[in-house]
Structure formats: C-alpha cells, structure tokens
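Letter by letter, the chains look like this.
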Amino acid sequence: IEGSVNSLPFFDKAFDLIISTSVVYHRRVDENKAMSEFYRALKFGGKLILILPAFSCVYGSHDKAVHTRKRYNLAEAVSLVESSGFKLMESRYIFSFLFPVFLVKRLVEKAFFARKQISDLEILPGFLNLFLFWLCRVEWRLGKLIKFPFGSSLLIVGEKK
C-alpha cells in the first residue's frame, strides 16, 4: 500500500502495533500529523514504537543526504508522544556504545567535509556487522537495567489510551 505518514491510508483503529523507524524526523513529515495518524490508526491499548535520531549537535552529512528535518533529545521525543495522547511506556537512548565513535565521525565530517552529502548507510563486511550486532544485543540487555544518557537514536514506546 502506498501512502503518506501524514495521512495514513488505513481505517481508524486498524492496528494493534505501529512501528515507525526513522520516519517522523524527515523534512516532508509533519510530526504532529504523523503522530495524530498513528493514534487514529491504532486500536485502544495498541502500541507505537518510534525510533528517532538523537542530538542535534551531531547533525551531519548523512542527515543532509537523507533529508533530516530534526534530531531529537529525549525530552522532545517524550513530549511529542505524550502530547499526541499516548501513554509513555518506555523511553531511552539506543546505540549508546557506538555513540563515542559516531560523535567523533560527525565532528571530523563537520571539520573536513561540511559541504558533502554522504549517507552513513552502506553494507558492512560480515565480521564487522556480526560484531556490531552482538554489541547492540549486549547494550539492549543492559539498557533494561541502566538508562544511558546518550545514544545516536531514541527508542520511544507509547500506548493508545
């Protein structure tokens, strides 16, 4: 089905779960319309899982290449979800273990390649992909016990009241 997140082509209360991974941040998305559409399309008690890019200070060439309108901090993301009528179930930074490398990469890009629009998306060698997968799994498990104060992305889970 083809459509826009600003006006979802689905009936009211059609879903138990909506997952939005790196969508709401895009320059062509009206975040308030999108959140309203998510709320409308969810059944009562339905869950919304949002993944959003974090920290405007690391806005870089990748963001330019993929048309990022905004990077969020945790308070902004929580406010967006709660002001849309959702009950907040979970909120935390993710990809925290990789954030120091990510931060250095973005600072180097800003210093030397500020005008280029280069996406971070690329296929990694298998061994590196496997290492990053396991690193993220460890972080995920620790993240249930510890709230990390930073990360390259945010995980927000809301429930329709």
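Rules used in this analysis
- Residues numbered from 1 in each chain as written.
- Predicted model: local features only at pLDDT ≥ 70, side-chain atom pairs only at ≥ 80, totals over all residues.
- Heavy atoms only, no water.
- Phe/Tyr/Trp six-rings, centres within 6.5 Å; stacked < 30°, edge-to-face > 60°.
- Helix = DSSP H or I, 4+ residues; strand = E, 2+ residues; numbered from the N terminus.
- Buried < 20%, exposed > 50% of the residue type's maximum accessible area, 1.4 Å probe, protein only.
- Pairing = 2+ DSSP bridges.
- Right-handed = clockwise from strand over helix to strand, strands pointing away.

Engineer: How do you make sense of the packing of aromatic side chains when you look at a structure like this?
Structural biologist: Each aromatic ring pair is characterised by the separation of its centres together with the angle its planes make. Taken as a whole, this structure holds eight aromatic pairs when the rule is applied. With 5.1 Å between their ring centres and 80 degrees between their planes, tyrosine 39 and phenylalanine 86 make a pair best called edge-to-face. Here the residue tyrosine 39 occupies a position in helix 1 (residues 31-41), and phenylalanine 86 occupies one in strand 3 (residues 86-94), the gap between them amounting to 47 residues. Residue classification places phenylalanine 86 among the buried positions, given a relative accessible area of 1%. Judged by centre distance (5.5 Å) and plane angle (35 degrees), the rings of phenylalanine 99 and phenylalanine 150 are tilted. Taken together, the positions of phenylalanine 99 in helix 4 (residues 99-112) and phenylalanine 150 in the loop between helix 5 (126-143) and strand 4 (153-160) put the pair 51 residues apart, joining distant regions of the chain. Its relative accessible area of 8% is what places phenylalanine 99 among the buried residues. On the basis of relative accessibility, which here comes to 30%, the residue phenylalanine 150 falls in the partly exposed class. Here a set of aromatic residues connected by ring pairs shows up, and it is made of Phe55, Tyr93, Phe99, Phe102 and Phe150.

Engineer: What is the right way to read the pairing of strand 1 (residues 15-21) from this model?
Structural biologist: A regular strand places its side chains on the two faces of the sheet in alternate fashion. Direction of pairing for strand 1 relative to strand 2 (residues 42-53): parallel, over a ladder of six bridges. Across the sheet, residue phenylalanine 15 finds its bridge partner in strand 2, namely leucine 42. The β-α-β motif built from strand 1, the intervening helix 1 and the parallel element strand 2 has right-handed crossover chirality.

Engineer: Whenever I open this one, unusual backbone geometry confuses me. Can you help?
Structural biologist: The general pattern is negative phi for most residues beyond glycine and trans for most peptide bonds. Phi is positive for lysine 13, close to 55 degrees, though the residue is something other than glycine. Here lysine 13 is to be found in the segment before strand 1. One non-glycine residue with positive phi stands out, namely histidine 67, at about 65 degrees. If you trace the backbone, histidine 67 turns up in the loop between helix 2 (61-65) and helix 3 (74-83). With a relative accessible area of 29%, histidine 67 lands in the partly exposed category.

The analysis is restricted to geometry; functional conclusions fall outside its scope.
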